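Examining the three-dimensional arrangement
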Amino acid sequence: MADAHYACRTAAHRSTRRGFLGSAALGAAGVFGAGGVSAASAAGTLTKAGKRVMVIFLSGGSSQLETWDPKPGTDTGGPFRAIPTSVPGVHVSELLPHTAKQMHRLALVRGINTAEDEHGRGATIMLTGRRPEPGIEYPHIGAVAAKLLGGESQELPGHIHVLPGGGGGFSKQDAAFLGPRFASVWLGGGQAPENVLRPGGLTDDADARREALRKKLNDRFAASRKSAATEAYAESFDQAERVFRRAEVFAVEKEPAALADRYGRHDFGRHLLLARRLLEAGVPFVRVTHSNFDTHHENFDFHLEQVAEFDRPFATLLDDLADRGMLQSTLVVVMSEFGRTPRINHLYGRDHWSKAWSVALGGAGIKGGAVVGKTNANGTAVTDREVNGGHLFHTYLRAVGLNPTKNFYPADRPVPIADPKAAAIDEVLA
Amino acid sequence: MSAPQVRPDGVWKVGKPLIGCRFDPSGRFLFASAEDHMVRRLDLRTGGVVGFTGHASWVRGMAFVPHGRPVGRSANEPPPGLLAAGSGLSQSAAPRPEPFTVVTGDYHGRLLWWRGDLPAPQFVWSAEAHAGWVRAVAVSPDGSVVASCGNDHLVKLWRAADGSPLRTLAGHDCHVYNLAFHPAGDRLASCDLKGIVKDWDWRAGRLVRDLDAKPLHKYDTGFRADIGGARGMAFDGAGWRLAVAGITNVSNAFAGIGNPLVITLDWATGKPTQLKPKEAFEGTAWGVGFLPSGAVVAAGARSGGRLWVWAGDDPASAAVVNVPSDGRDLALSPAGDRAAVACWDGTVYFFSLAVTAAAPSPRPVAAR
Amino acid sequence: MPVVAIVLVWAAAQTGPAPPPRLTLHERIDALVAAGHPGYDQVAAPLADDAEFFRRVTLDMNGTVPSAAEARAFFADPSADKRRILVDRLLADPAYARRMAEFFDVVFMERRRDAKVPRAAWEEYLRAAFAADTPYDRLVRDLLSADGTDPKTRAAAKFFLDRNMEPDVVVRDLGRVFLGRDLRCAQCHDHPLVDDYKQGHYHGLLAFVSRSFLFPNAEAATAVLAEKADGEVNFVSVFDPKKTQKKTGPRLPGAEPVAEPTPAKGKEYTVAPANGARPIPAYSRRAQLAGRLTSPDNPAFARTAVNRLWAMMLGRGLVHPLDLDHPGNPPSHPELLDLLAAEFVAHGYDVRWLLREIALTKTYQRSSAAPPPGEEPPADRYLVGILKPLSAEQFARATVRATGPAVPEAEAVVAGQVAAFRRTFGGGPGEPDAGTSPTLDQALFLKHGGSIRGLTARRNDGLTDRLAKLTDPNAAADELFLSVLTRLPTADERWDVAAALDGVKDRGATLAEIVWALAVSAEFRFNH
């Protein structure tokens with residue numbers, strides 16, 4: 001492998017971006033250098049105690065006022081009530097009746113100001129914990145979690161994105177310098193990854209025969225030309241085979257019908273159950289996108305429809321994780337690219353609003369019932385404990401036992417895992 | 001049938017973004033609801049404004065139970081001249097209004113009954129009517145029954161006399177947006193999010209038939225959400241036609257990009273006719289009504305408001321008048337000579353509808 | 001200090017004792033490589049055999065593999081200089097320009113989205129340039145001079161247009177692609193790890209382009225470049241406690257500042273900014289860039305160009321990584337790099353000539369089979385041929401060619417597969433292509449995907465079909481291995497093929513399995 005010797009001179013130089021092979025031979029330590037964070041799991045499957053992360057992304061920008069920070073009876077409050085929750089004194093929108101009963105498992109961060117009202121950049125800030133900078137892309141939380149929680153020997157893909165509609169695929173971008181191994185695999189419409197299933201007509205026997213020949217050829221080639229690169233190439237087929245063998249983890253229909261009923265027989269319910277199934281099977285990170293909340297028009301009708309679709313499956317998820325003993329090890333984050341304007345526009349809509357909005361967290365490392373940050377009476381400004389995407393990113397990593405102040409070393413230079421200008425929100429950490 | 005001359009005829013500045021408006025059965029008052037949860041009453045004779053405080057959410061459903069006189073008949077008095085609110089005329093100068101009850105329904109599912117004609121609002125009783133929003137309220141032609149509909153997919157009937165529940169009509173499978181009693185009295189039409197109009201024999205509690213206003217609904221696959229429903233709904237005076245108003249051709253639900261549409265349904269055959277603005281206007285039709293002439297009036301908005309008038313079934317006959325702000329509801333005076341449009345800018349804009357030549361309706365038979 | 005050092009190295013290269021002029025460049029290259037390792041001739045791998053060489057050079061110069069018939073003919077050719085003849089034939093083939101277009105597309109654009117200049121127009125622009133032997137300095141001058149307004153040269157403006165003319169992105173890539181240095185870390189302060197990369201270098205480069213922008217806006221697919229007459233580049237080091245504000249005009253790293261005219265008041269513009277008008281300044285800073293950057297006075301340009309071409313051929317840059325050229329990371333063979341750069345300039349930046357010289361070296365022609373036993377040889381000594389993963393385009397074209405009919409298929413047929421392979425094997429936008437580790441989606445694409453399955457299945461006159469018609473298993477094995485791997489099978493491999501076909505009812509199905517196994521084998525996946 002071309003890079004190996006250069007890399008030997010500087011441990012920090014080892015980067016999956018460089019060299020055809022990269023990661024498999026270098027191992028997790030390569031990216032961190034001496035004293036870095038080591039992977040939590042080396043066994044290929046996470047144990048129940050192994051930490052994992054689920055992000056529920058309410059795409060389009062969900063309204064904080066119709067979810068986590070209601071302001072009933074004010075000029076911005078809209079028609080909905082606030083309802084009490086299982087945590088005395090904490091109220092959420094009436095659109096979250098089931099979630100309200102789970103509040104003791106959740107923490108709310110109500111003082112978010114991400115100062116970015118454009119969808120793509122807002123999402124980048126929330127998923128990378130950094131403001132976009134020209135010339136450098138930062139890895140998404142999913143890639144970071146896959147890298148640090150799943151590690152190099154992760155059997156199943158470590159970074160999975162379940163999203164509505166068709167369009168499965170493999171992201172090339174969201175792992176940035178961590179390399180494509182940690183980029184997301186997309187399960188469009190909750191379907192198994194592209195090409196994971198064997199095409200019709202290719203029998204077990206035929207596949208075994210052709211695989212045996214492929215391996216024989218590779219062995220002969222490796223006898224004189226063995227290199228880390230050829231080994232990684234061979235290994236990628238083994239990984240594909242292992243994922244194919246475990247393709248049932250993508251088959252959400254194998255979950256009990258009664259449980260599927262509790263999650264809800266609609267896309268989001270099904271996708272959330274699939275995400276739980278994947279986490280249980282050892283995938284360290286799953287993001288589920290719920291679409292869509294970009295309600296410039298009829299915010300209230302649409303939030304009624306969308307938040308209701310979110311509420312029960314989400315409450316069921318928390319119960320299900322708890323029932324399985326996974327809640328202590330699974331961080332669950334409900335985020336969006338931004339919130340929505342307190343002011344109600346002429347179309348009964350709310351527009352993009354990043355100055356004062358909320359995120360909910362629960363599970364691993366999170367102090368249930370904690371509410372941090374405040375907005376003013378009608379929700380137009382943060383009045384206490386303002387935080388941004390960087391603080392949240394630190395918090396996610398701390399919640400699953402990682403040190404966000406360590407560095408990655410892409411292309412020979414230290415890049416802090418989380419934005420050094422921010423720090424974790426200790427008040428929500430258990 | 002000919003179209004009336006539509007002329008601006010005064011404003012009422014409420015100062016809060018408005019949601020709904022209705023004239024009382026005599027045409028003396030205009031009631032308007034706003035985003036501050038309050039229902040306000042403007043005395044068109046005196047300009048006096050009275051606030052009805054009691055709802056804790058938005059009110060869109062408003063309907064009236066006259067005391068002693070059936071709904072919909074013209075008042076003895078000639079229509080009152082319009083005065084701007086707060087014009088200084090004392091209420092004592094005006095004759096005492098006809099007594100009536102106003103029933104208002106809010107987005108917390110509550111119905112409130114009030115004496116609507118007294119100088120100060122007098123709360124009568126309330127009902128926890130629906131799980132979720134009450135989207136519309138209507139009163140039967142004989143004034144004996146109040147109907148409400150809402151997000152629990154139900155239509156409910158209440159005794160006007162004491163507010164007690166009479167009957168629940170179940171059959172819609174999504175939010176019920178609007179409803180209207182047939183003028184003959186024994187039928188009730190309700191329309192849901194998906195543009196299904198149900199014809200109920202409400203006395204028997206029986207569904208008679210479904211009518212089709214589905215062009216008013218779309219599932220927006222881009223945003224994965226439904227948009228639709230009858231934002232306005234009304235029978236003509238003879239009960240020959242039912243008009244439902246909303247938005248069609250939606251290309252972007254979350255920006256409200258679509259075209260306003262009124263569908264009139266021939267009550268006898270169920271045959272729909274689409275009434276569209278002549279201009280290429282994007283937005284939603286938020287209210288609809290019939291004039292005594294049979295002309296259809298609708299109001300709507302997206303970027304700026306409009307009032308449209310169709311003198312017949314020919315869509316090309318439409319006249320259009322600009323409304324200075326986004327209209328969110330339309331009320332027609334009982335005499336059919338005045339329209340009120342409640343707007344986002346906190347103002348009710350009034351228009352006079354001067355009919356130049358009343359023509360007999362061409363339709364010979366009332367459907368029963 | 002480091003600046004001085006680098007100047008001395010270059011000075012030495014220009015004034016040092018000249019090697020005997022009678023030697024050709026490829027002989028001088030071999031001599032310098034041999035001098036780079038003690039006992040080089042004893043430890044270096046032998047030259048590749050005809051099969052290994054033929055496959056390697058065809059992939060490098062024509063972007064695909066040879067046919068079985070071509071391989072047979074080459075192996076049978078007894079002439080002593082058949083490798084030279086082959087190299088000249090491949091360089092004269094129209095496929096050369098296409099291969100160069102596909103290679104330099106990735107170098108210049110790094111898989112960015114084709115938003116403002118369509119892929120077809122861009123590829124054709126590059127292909128025509130390499131077909132016409134446009135000197136490399138002129139090619140780059142054209143790229144950096146075009147503003148997108150002239151339909152005839154709009155494709156050339158892709159470098160700027162499809163970076164949305166975002167100054168920081170443009171500066172990063174001007175540095176990496178043309179100057180061999182990634183100055184990103186010098187944006188906010190002098191580079192923390194590379195003494196030679198100064199914050200002023202970054203901002204001096206930035207000043208050439210900071211006044212430029214897309215007109216009418218970055219969203220328009222038809223956007224063109226425009227430039228203002230004002231806007232200075234100021235910078236402060238984040239490490240400077242005094243926050244001293246520094247200012248720079250356009251200046252290439254290591255060069256003098258550009259002397260700039262001061263336009264008279266009111267005469268700053270030829271076309272003044274106005275609503276709907278594309279401003280044209282009287283003096284354009286951007287126009288200063290192309291000529292200076294590609295000038296022989298800017299040695300980093302030729303040095304980076306030859307380093308990239310060397311890496312394309314040899315699998316590793318003399319400066320490695322390719323964008324980290326600085327005294328702390330010296331070239332593996334400093335004199336060789338200087339020689340290549342000087343000769344490249346002397347030969348008018350002729351890419352075809354340089355590649356020919358490299359292809360004729362023993363260094364290039366060395367076998368990739370490591371001499372057993374022993375340690376893995378250090379890659380930067382070029383003792384053994386370095387395995388190079390096929391680019392997405394090479395992989396697609398080679399697979400289509402190897403599995404296809406005896407007569408090559410039309411480009412339109414091939415292009416669909418190139419697009420499918422690009423999606424799976426191309427790198428992420430803005431990331432160097434050649435560095436990605438094999439991923440799950442790639443393996444699944446090869447194991448289960450429709451592309452490979454369709455290509456390897458029995459189809460009219462395709463390889464599987466032709467093999468199925470051969471009744472002699474040995475003949476089938478020979479045709480199979482020559483078609484896919486450009487070599488004859490070993491006795492063991494012949495036996496394997498015969499055994500697999502023995503008593504099989506559906507020979508086509510079994511042969512499809514075998515063709516698949518060869519096409520996805522490591523031997524096929526790498527240029528070796």
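Residues numbered from 1 in each chain as written. Chains lettered and ligands numbered in written order. Predicted model: local features only at pLDDT ≥ 70, side-chain atom pairs only at ≥ 80, totals over all residues. Heavy atoms only, no water.

**Quick word on the side chain of asparagine 62 of chain C**
This is how the line gets drawn: Secondary structure is summarised from DSSP: a helix means a run of H or I of at least four residues, a strand means a run of E of at least two, and numbering begins at the N terminus for each. Only heavy atoms enter the contact rule, under which two residues are in contact if any of them lie within 4.5 Å.
Counting through the fold element by element, asparagine 62 of chain C comes out in helix α4 (residues 50-62). With sequence-adjacent residues up to four places away left out, asparagine 62 of chain C is seen in contact with Val57, Leu90, Asp93, Ala95, Tyr96, Arg98 and Arg99 of chain C.

**Re the side chain of threonine 248 of chain C**
All names here are of chain C. Here is the rule: To sort residues, take the accessible area from a 1.4 Å probe on protein chains only and compare it with the maximum for the residue type: under 20% means buried, over 50% means exposed, and anything in between is partly exposed.
The topology assignment puts threonine 248 in strand β4 (residues 246-248). Residue class for threonine 248 comes out buried when judged on its relative accessible area of 11%. Ignoring any residue separated from it by four or fewer positions in sequence, one finds threonine 248 in contact with His203, Gly204, Ala207, Val233 and Phe235.

**Some details on helix α11 (residues 167-178) of chain C**
All names here are of chain C. Test applied: Here the expected length of a helix is defined as 1.5 Å per residue gap, with one fewer gap than residues.
Between its first and last C-alpha, α11 extends 16 Å over twelve residues, near the 16 Å set by a 1.5 Å rise per residue. Most of α11 is tucked away: eleven of the twelve residues are buried. Within the span of α11, buried status applies to Asp168, Val169, Val170, Val171, Arg172, Asp173, Leu174, Gly175, Arg176, Val177 and Phe178. On its buried face, α11 is in contact with α7 (94-109), α9 (136-145), α10 (158-161), α12 (199-209), α13 (286-293) and α14 (299-314). Where α11 terminates, the next one or two residues include glycine 180, which has phi positive at roughly 65 degrees.

**Overview of the pairing of strand β4 (residues 106-112) of chain A**
The side chains of a regular strand alternate between the sheet's two faces. All names here are of chain A. We apply this condition: When DSSP locates at least two bridges between a pair of strands, those strands are taken to pair.
Burial analysis of β4 places seven of its seven residues in the buried class, which makes it a mostly covered element. As paired elements, β4 and strand β13 (residues 371-372) share two bridges and run parallel to each other. The residue bridging valine 109 from the neighbouring strand is valine 372, located in β13.

**Quick word on the sheet that holds strand β6 (residues 169-170) of chain A**
All names here are of chain A. Note the following rule: The axes are straight lines fitted to the C-alpha atoms, using for helices just the contacting stretch, and the angles between their N-to-C directions are given from 0 to 180°.
In spatial order, the strands read β6-β7-β5-β8-β1-β9-β12-β4-β13; together these nine strands make up an open sheet with mixed pairing. Each edge of the open sheet is held by one strand with a lone partner, namely β6 and β13. Bridge count between strand β1 (residues 52-59) and strand β8 (residues 285-291): seven bridges; the pairing is parallel. For phenylalanine 57, the partnering residue across the bridge sits in β8 and is threonine 289. Lying on the sheet, helix α5 (residues 119-128) is in contact with β1, β8, β9 (330-336) and β12 (357-363); it crosses β9 at an angle near 160 degrees.

**Details of the interface of chain B and chain A**
Let me state the cut-off plainly: As a working definition, buried area equals the accessible area (1.4 Å probe) given up by two parts on being put together, with both sides summed. Whenever a carboxyl oxygen of Asp or Glu lies within 4 Å of a side-chain nitrogen of Lys or Arg, that contact is scored as a salt bridge. Residues adjacent in sequence count toward polar contacts only when both atoms are side-chain atoms; beyond that, a polar contact is any pair of N or O atoms within 3.5 Å, and within protein one must be able to donate a hydrogen and the other to accept it.
In this assembly, 31 residues from chain B lie in contact with 29 residues from chain A. Interface of chain B and chain A: buried area, both sides summed, is about 2,500 Å²; carbon and sulfur atoms make up 53% of it. The largest contributions to the chain B side of the interface with chain A come from Trp58, Arg224 and Phe254 of chain B, which together make up 29% of the buried area. On the surface where chain B and chain A come into contact, there are three salt bridges. Measuring nitrogen to oxygen at the nearest pair gives 2.5 Å for the salt bridge that ties aspartate 301 of chain A to arginine 135 of chain B. Here chain B is connected to chain A by 20 residue pairs in polar contact (both at pLDDT 80 or more).

**Some thoughts on the interface of chain A and chain C**
The cut-off we apply is this: The nonpolar class holds Ala, Val, Leu, Ile, Met, Phe, Trp, Tyr, Cys and Pro. Asp, Glu, Lys and Arg form the charged class, and all remaining residues, Gly among them, are polar.
At the junction of the two partners, chain A supplies 62 residues and chain C supplies 68 residues. Note on chain A versus chain C: buried area summed over both sides is about 5,500 Å², and carbon and sulfur give 60% of it. Among the salt bridges present, the one from lysine 447 of chain C reaches aspartate 207 of chain A, with a minimum N-O distance of 3.9 Å. Counting the contacts that link chain A with chain C gives 14 residue pairs in polar contact (both at pLDDT 80 or more). Looking at the side of chain A that touches chain C, the elements with two or more residues in it are α1 (4-9), α7 (204-225) and α8 (228-245) of chain A. In terms of residue count, α7 of chain A provides more of the side of chain A that touches chain C than any other element does, 14 residues in total. When the residues that make up the side of chain A that touches chain C are grouped by side-chain class, the tally is 26 nonpolar, 17 polar and 19 charged.

**Some words on unusual backbone geometry**
Cis rather than trans, the peptide bond between serine 291 of chain A and asparagine 292 of chain A has omega equal to 5 degrees. As for its placement among the helices and strands, asparagine 292 of chain A is situated in the loop between β8 and α11 (299-323). The omega torsion across histidine 320 of chain C and proline 321 of chain C is 0 degrees, close enough to zero to call that bond cis. One can find proline 321 of chain C in the loop between α14 and α15 (334-346). Look at arginine 224 of chain B: it is not a glycine, yet its phi comes out positive at around 60 degrees. Secondary-structure assignment places arginine 224 of chain B in the loop between β18 (218-220) and β19 (225-227). Phi is positive for lysine 243 of chain C, which is not a glycine, with a value near 55 degrees. Looking at the secondary structure, you find lysine 243 of chain C in the loop between β3 (233-235) and β4.

**Description of empty space enclosed by the protein**
Rules: Cavities and pockets are found on a 1 Å grid laid over the protein atoms alone: a cavity is a set of points where a 1.4 Å probe fits but cannot escape, a pocket is an open set with protein on both sides within 12 Å along at least five of seven lines, and a lining residue has an atom within 4 Å of such a point. Grid points are joined across faces, edges and corners, and a volume is the space filled by probe spheres set on the points.
Per the counting criterion, the structure on display carries 14 cavities of 30 Å³ or more. Approximately 160 Å³ is the volume found for the largest cavity. If you trace the largest cavity, you find 14 residues lining it, with Asp301 of chain A together with Tyr107, Trp133, Arg135 and Trp286 of chain B closest to the centre. Considering each element in turn, the lining of the largest cavity owes the most residues, three residues, to α11 of chain A. Of the residues in the lining of the largest cavity, the class split is eight nonpolar, one polar and five charged.

**Comments concerning the nonpolar core**
Quick note on the threshold: Think of a nonpolar core as a cluster: buried Ala, Val, Leu, Ile, Met, Phe, Trp, Tyr and Cys residues, connected wherever their side-chain atoms sit within 4.5 Å.
Core analysis: the largest hydrophobic core is formed by 107 residues, its most contacted members being Phe108, Tyr136, Leu144, Phe178, Leu289 and Trp310 of chain C. Of the residues forming this core, the biggest block, ten residues, is contributed by α14 of chain C. In terms of nonpolar packing, the next biggest core, distinct from the first, is built from 65 residues, Leu272 and Val307 of chain A together with Tyr107 and Trp286 of chain B among them.

**Details of α15 of chain C**
Given 3.6 residues to a turn, an α-helix orients residues that are three or four positions apart in the same direction. Residues and elements named next belong to chain C. The end-to-end C-alpha distance of α15 is 18 Å, a good match for the 18 Å that 13 residues give at a rise of 1.5 Å each. For α15, the set of buried residues is Leu336, Leu337, Asp338, Leu339, Leu340, Ala341, Glu343 and Phe344. At the exit of α15 stands glycine 348, carrying a positive phi of roughly 65 degrees.

**Observations concerning the packing of aromatic side chains**
Here is the rule we go by: Classification of ring pairs uses Phe, Tyr and Trp, with its six-membered ring standing for Trp, and accepts pairs whose centres are within 6.5 Å; under 30 degrees between planes counts as stacked, over 60 as edge-to-face, and the remaining range as tilted. Only Lys NZ and Arg CZ are tested; either one counts as a charge over a ring when it is within 6 Å of the ring centre and within 35 degrees of the ring normal.
Going through the model one piece at a time under the given rule, you end up with 54 aromatic pairs over all chains. Positioned above the aromatic ring of phenylalanine 29 of chain B, the side-chain terminus of arginine 41 of chain B is 4.6 Å from the ring centre.

**Things to note about the state of the cysteines**
Each disulfide is one covalent bond, formed between the sulfur atoms of two cysteines. Where we set the bar: Any cysteine sulfur atom paired with another within 2.5 Å is treated as part of a disulfide.
Inspection of every chain in the model, using the stated rule, returns zero disulfides over all chains. Free cysteine cysteine 149 of chain B: the closest other cysteine sulfur is in cysteine 191 of chain B, separated by 9.3 Å.

**Observations regarding the confidence of the model for chain C**
Convention followed: How sure the predictor is of each residue is captured by pLDDT, a score from 0 to 100.
Considering every residue of chain C, the mean pLDDT works out to 91; 93% of them sit at 70 or more. Low pLDDT (under 50) marks residues 1-13 of chain C, which in the prediction has eleven contacts with non-local residues, meaning those over four places away or in another chain.

**A few points about the pattern of salt bridges**
Applying the stated rule across the entire model yields 101 salt bridges over all chains. A salt bridge links arginine 306 of chain B to glutamate 279 of chain B; the shortest N-O distance between them is 2.9 Å. Remark: glutamate 279 of chain B occurs in the loop between β23 (272-275) and β24 (283-290) and arginine 306 of chain B occurs in strand β26 (residues 304-310); sequence separation between them is 27 residues. Aspartate 147 of chain C is the partner of arginine 278 of chain C in a salt bridge, and the nearest nitrogen-oxygen pair spans 2.9 Å. You can see arginine 278 of chain C sitting in the loop between β5 (269-271) and β6 (280-281) and its partner aspartate 147 of chain C sitting in the loop between α9 and α10, a full 131 residues away along the chain. When salt bridges with common partners are traced through the structure, they connect Arg198, Asp204, Asp207, Arg210, Glu211, Arg214, Glu241 and Arg245 of chain A together with Lys447 of chain C into a single cluster.

**Details of the environment of arginine 397 of chain C**
All names here are of chain C. Inspection of the secondary structure assignment puts arginine 397 in helix α18 (residues 392-403). Take arginine 397: its relative accessible area is 5%, and that puts it in the buried class. Polar contacts involving the side chain of arginine 397 include one to the side chain of glutamate 102, which spans 2.7 Å.

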